[in-house]
Each structure stands twice: as structure tokens, then as C-alpha cells.
Amino acid sequence: MQNSLTVTLGQINPTAGDLDGNIALMLAAARKAEAASAHLVVFPELSLTGYSPGDLLDDPAFQERLRTAHGTLIAASRQTPGLHWVVGLPLPASERRYFNALQVLRNGEALLTYHKQLLPTYGVFNEHRHFEPGADTARVLRVQGVSVGFLICEDAWNDDGQDYPVNPFQRLADAAPDLVISINASPSDKGKRRRRHDVMAKACARHALPLLYVAQVGGQDQLVFDGASFAADATGAIVFEGKRFAEDTSTLIFDRGSRSFRNARGAALSGVPAAGLTDMEFYRQQIVLGLRDYARRCGFTQVVVGSSGGIDSALTLALAAEALGPANVTAITMPSVYSSAGSVADSVALCRNLGVTLHEVAIKSIVSAFAGTLGQSSVGAEPAGLALENLQARVRGTLLMTYSNQFGPLVLTTGNKSELSVGYCTLYGDTNGGLGLLGDLYKTEVFALSRHINSTAGRELIPQAIIDKAPSAELAPDQKDSDSLPPYEVLDEILKVLIEGSLLEADEHDHAHAVVQALGGTAEGRATIARVKHLIARSEYKRRQAPPIIRVRARAFGTGRQVPITARQY
């Protein structure tokens, strides 16, 4: 009926650069929308290319593919002739630059084009590298008697006017649409769902405008997009939320008269709980999806992990088994002369619990051969101390990479954020691999997530003996992490302040700053903080060479924290 608009949220999982595959995803969702008698199907930001195609946009061959794909996309809309497609795509701004654009397509025609105005360059974003800002103008289209206004992601995030001199939401509100549709590719991190809801709810309430927020889902390199598309009414109440960490083609009905949403059957919506997933469950789902998509898109079906009998490799194996299935995960335990009896026994128990194949490859003779070769050469001395410790780690890393070359699985590195922060890792040793699952989790969070996985499973997937044992690299006699580092309960709070600072969630921020403030009250505490600062700075070269990690927090190493290796930081 007129003044009633049926909209399908095309929350898809596009692959960066896979133009034909992404069009196929959109067409499949459009057919579902057509079957639901929808008037619009709405796709995420840059849904044609995936977010973000990066320097592919500089490649002439990709530029030609993009021109062809644009025509193919427009032609695809003819297959659902009565349906409006709201799509995100790059459109030429000049010979070498693009707009991050939105188009409304119907039956082979582009009815409306809008260019994103606010181009973020903070955190993991670098849109100014390839895109030009759009004009300060609102774009509105009448569909089924409903006036629909359009925004693209960041354009809706500046309604408080604190980050940019332009406010596209206000400009659109001045055009008095009945409904705002925002297309988004919003990378997920801890607390992001709440921040999205808060920002959009305030803007909707301020302008008395209802909004549909359609988001991308899936993993791309370090980033994971959690979906969770939602609807907010004109009071700012979040009345609907799509699936999180999964594709979704939910359909809603918007009534212009009441300015309210109903479900596809016409029933009233019950609203959305403010509380989302717990932090640990969020980490679990984010990492699982991140690994699953990373492996799939890079052409891997299997992974291999070095199993030390410690907590990091245990958690990595548990997450990998959930993401890919136990049959596609292999563990290799590589005991040295310094390995405890429990390291192998705990690995056996862990892999039995997970249903993962475990191989044992002892490295004592290999390490001795390396060391002896150096001693018998003109070097004239066998490695000792730290050099011998790192040699063991590098032998293990070499064996894992050799296994990968021989049998084809992706090597998962097992380092956590605490270790990466202070350089408590060995280049070309335990940093070897194609992806790190725990690199944005502090050590205390590794323990907490391991306990959460056991609690959720209702049994010990990760043996309690592994959770209870004192962390140790086992590269020297009776070695413990605490010999070299402050207790993780202290170290992690220092790291949160130094690395994430104001980006921390309020509760974490207050607790971490209270710990650091208390430490600063003693000479010993001040020395500890200074030492941690020094370790962070001098370890930048290691992080630069480490594998990508799955981002779960607001500031992750990699694209989210860019510091020169040679900088004098402190």
C-alpha cells in the first residue's frame, strides 16, 4: 500500500576485489527481497568491491574490471524489475580518484547517486588515499509515497559536530525525509555495537527521524565486520537488530503515517536489549569468523598449530577447531630438553578433548646439531643463554613452516597482545605463521576466554591443568614468564593505558588508570612503567614483521597502530 515501505536488509559478506562474486551475493539477496514483496533491498557500503579494496583502485586492470562490473550490476537489477537496489560502490571522481558512492538502481537504471562526504583517516581507516569527499548536499528519493534519504557510514557519525566541520545528517534532516537509510562497513571491536547504537540513537532523537542501518559482515585481513544491522525509530529507540556475525536478509515494513517499523508479517517489533554479547563471547565469535573467512579467502582449508602445552596454543587450537572443524586442525608438539613432562601430556589431553590430530616431533637433536655446527665452524662458540633459547623457538618455527609447505595447511601463530607489546617473542620462531588469532588479546584475557570456552561447552575442552600452570616459554631451566616480565595482572593494565588510552571502554579505562596511578606512587612502580614503555618502543621492529592478527579491540597492532620503527618514543 502507499505510504508503507517494505525493505530487505541485504547484510552480505562480500569479498574484497571479487566483483562478480559480490554481484552474485547481491542478486541472491535481491531475489529473496522480491519474494518478500519488498520495495527496496539495501546493501552495505562498497558492497560491489568489498570494504575496502585499497590500492586495487590504483590498478588499471582492476579499474577496467570495475567499469565492467558496474554495468553488470545495473543489468542485474533488471532481473528484479520492481525492486529498488541500494548499493555501495566506487564511482570515478577524476581520472585517478573515486567517490565512495551510493546508487539506487531499478530495472536497469540508476535513479539516484550520492557521494560520501566524510572520509575517515583515523584508526584502521584511510579513505582519503583513494576517495574524494562528496558535495555538501542531501539526496532523497520517493519510493511508494515514502521520502527516503541516504547516508554512507561516517556521514551519520558526526551529528554532534565534533569531528568534522560538515554535518551530513543535519543537511539530510533539513530535506525532511520520512526515513533515513545508512549503508555501512563498520569494523567490529569490543564495545562497537554500543557505540553505534548510542551515536545513531542520539541523531535519530535529535532530528525525530527513523533510520535503517545496514552493515557488512565477514572477515577481511585483520578486520572483522559483525553485521548486526538495525532499525531505530524517531525517538532513538533501537527496535530491530539483524543477525550478528552472519549474513542476514531480514525484511521490515516502514509505515510513513506512524513513522514506525513492523516485521515482515506486519507485527509490531519487540525492541532490542541494550546488552549485547559478553566480552568473552564477543571475542570468541569475532575470532572464529575472522579465521574462517581469512582461511577461505586465502584458499586454505586446514591449519597447523605448534602445541606447547601452554595456554596460548591451547586457546588457538580450540578456536581453530570451532572455526574450521577438528578434522581440519593439526597440532604439533615439539619438546626440547627444557620441556616439562606436562607440556606433552597436556597437549595430548587437549587434542584428545578437541578431536584434533597431534604429532610429536622432538627437537633436542636438531637444536644440538645447529649449536654444534656453529661451535665447529670458524665462529668457534656454541649459542648459549638467549641465543640458545631463541634457537629452540626458531627450530620449532622452521618445522611448522616445513610441515605447511609439505602438506598445505596455514600456520597459526599463537602470540598474545601482552607478548607482542613487549617483544616477548622470537622473530622467525614463535612469530612464524600466516595469521595470529590472539594478537589483540591481553594475556589475562587469554585465560578468561579459555575459561569461558570451557564453561560454554560444559566440559574441559582446554584442560584445567593448562589453565592453572604458570606461564612459561620453557626455553631454559625452570623458566617462568614472571622472571622477565611484571605479573600479567599488572602488565596488562599498563599496556592498556600506554597502547589504547582514551579508546578503552569506561570500566577498563578507570581500572587500568587506577592501577597505573598506584604504581606511579612508588619508585619501583615508576621504574616498572618506564621499562614497559621502553620494551614497547624497542619491539616495534618485531611487530612490523609479525603475521597479521585478528582485531578485537579499538586499537590493534598492524593497521590500527602505525608507529615508525626508528622513532624515539619515550
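Residues numbered from 1 in each chain as written. Predicted model: local features only at pLDDT ≥ 70, side-chain atom pairs only at ≥ 80, totals over all residues. Heavy atoms only, no water.

In the annotation of an unreviewed UniProt entry, the entry for the chain reads Glutamine-dependent NAD(+) synthetase, and the organism field reads Bordetella genomosp. 5. Annotation of the chain in UniProt includes, under Catalytic activity (unreviewed entry), the sentence "deamido-NAD(+) + L-glutamine + ATP + H2O = L-glutamate + AMP + diphosphate + NAD(+) + H(+)". Regarding the chain, the relevant UniProt record gives this comment under Pathway (unreviewed entry): "Cofactor biosynthesis; NAD(+) biosynthesis; NAD(+) from deamido-NAD(+) (L-Gln route): step 1/1." (UniProt positions renumbered as here; feature names shortened; annotations may be inferred.)

The number of helices and strands found in the chain is 16 helices and 21 strands. Relative to the compact-globule value of 25 Å for 570 residues, the chain shows a C-alpha radius of gyration of 26 Å, a close match. Each principal axis of the C-alpha distribution contributes one length, and for the chain these read about 85 × 55 × 50 Å. Across the 570 residues in the chain, those meeting the buried criterion constitute 57%. Long-range pairs, those at least 24 residues apart, make up 73% of the contacts in the chain between residues at least 6 apart in sequence. Across the chain, 54 positive and 58 negative side-chain charges occur, with their mean positions spaced 2 Å apart. (Helix = DSSP H or I, 4+ residues; strand = E, 2+ residues; numbered from the N terminus. Rg over C-alpha atoms; globule rule 2.2 N^0.38 Å. Buried < 20%, exposed > 50% of the residue type's maximum accessible area, 1.4 Å probe, protein only. Contact = heavy atoms within 4.5 Å. Lys, Arg positive; Asp, Glu negative; His and termini not counted. Charge placed at Lys NZ, Arg CZ, Asp CG, Glu CD.)

Spatial ordering of the open sheet is given by S7-S8-S9-S10-S13-S14, a layout of 6 strands whose pairing is mixed. Two strands close off the open sheet at either side, each with one partner strand: strand S7 (140-143) and strand S14 (238-241). Adjacent strand axes in the sheet meet at a mean angle of 20°, parallel and antiparallel pairs treated alike. One ladder, built from 4 bridges, connects S7 with strand S8 (residues 146-152); its direction is antiparallel. The partner of Val140 across the bridge, within S8, is Gly149. (Pairing = 2+ DSSP bridges. Axes fitted to C-alpha atoms, helices over the stretch in contact; angles between N-to-C directions.)

Hydrogen bonds along the backbone pair up the strands of a sheet, which may run parallel or antiparallel. In spatial order, the strands read S19-S18-S17-S20-S21; together these 5 strands make up an open sheet with parallel pairing. Each having just a single partner strand, strand S19 (357-360) and strand S21 (435-436) make up the two edges of the open sheet. Summarising the sheet, strand S18 (residues 329-333) and S19 pair through 4 bridges and their orientation is parallel. Bridge assignment links Thr330 to a residue of S19, and that residue is Thr357. Helix H7 (residues 341-354) contacts S18 and S19 of the sheet and is inclined by roughly 160° relative to S19.

For Arg193, the position within the fold is in helix H4 (residues 192-207). Overall, Arg193 belongs to the buried group, its relative accessible area being 6%. At 2.8 Å, the side chain of Arg193 and the side chain of Glu241 are in polar contact. (Polar contact = N/O pair within 3.5 Å; in protein donor to acceptor, adjacent residues only side chain to side chain.)

For Arg284, the position within the fold is in helix H5 (residues 279-298). Among the polar contacts listed, one links the side chain of Arg284 to the side chain of Glu281, at a separation of 2.3 Å. Other than its neighbours up to four places away in sequence, Arg284 contacts Leu319, Glu322, Leu449 and Ile453.

This paragraph deals with the domain arrangement of the chain. Domain assignment breaks the chain into domain 1 (4-265) and domain 2 (281-480). The distance between the C-alpha centroids of domain 1 and domain 2 comes to 40 Å. Taken residue by residue, the interface counts 14 residues in domain 1 and 10 residues in domain 2. Both sides of the domain 1 and domain 2 interface together cover about 1,000 Å² of buried area, and 56% of this is carbon and sulfur. Connecting domain 1 to domain 2 are 0 salt bridges. Of all the secondary structure elements, the ones that give two or more residues to the side of domain 1 that touches domain 2 are strand S11 (217-220) and strand S12 (223-226). (Domains from an automatic or database assignment. Buried area = accessible area lost by both parts, 1.4 Å probe. Salt bridge = Lys/Arg side-chain N within 4 Å of Asp/Glu carboxyl O.)

A word on empty space enclosed by the protein. On inspection of all chains with the given rule, the structure shows 2 cavities of 30 Å³ or more. Of the pockets and cavities examined, the largest cavity occupies roughly 80 Å³. Thr413, Gly415, Glu419, Leu420, Cys425, Asp430, Thr431, Gly436, Gly439, Ala546, Pro547 and Ile549 are the residues that line the largest cavity. A class-by-class count of the residues in the lining of the largest cavity yields 5 nonpolar, 5 polar and 2 charged. The computed volume of the second largest cavity comes to approximately 50 Å³. Together, Lys190, Arg195, Glu500, Leu503, Leu504, Glu505, Glu508, Arg553 and Ala554 line the second largest cavity. Looking at side-chain class alone, the lining of the second largest cavity contains 3 nonpolar, no polar and 6 charged residues. (1 Å grid on protein atoms, 1.4 Å probe; cavity = no way out; pocket = protein on both sides within 12 Å on 5 of 7 lines; lining within 4 Å. Points joined across faces, edges and corners; volume = space filled by probe spheres on them. Nonpolar A, V, L, I, M, F, W, Y, C, P; charged D, E, K, R; others polar.)

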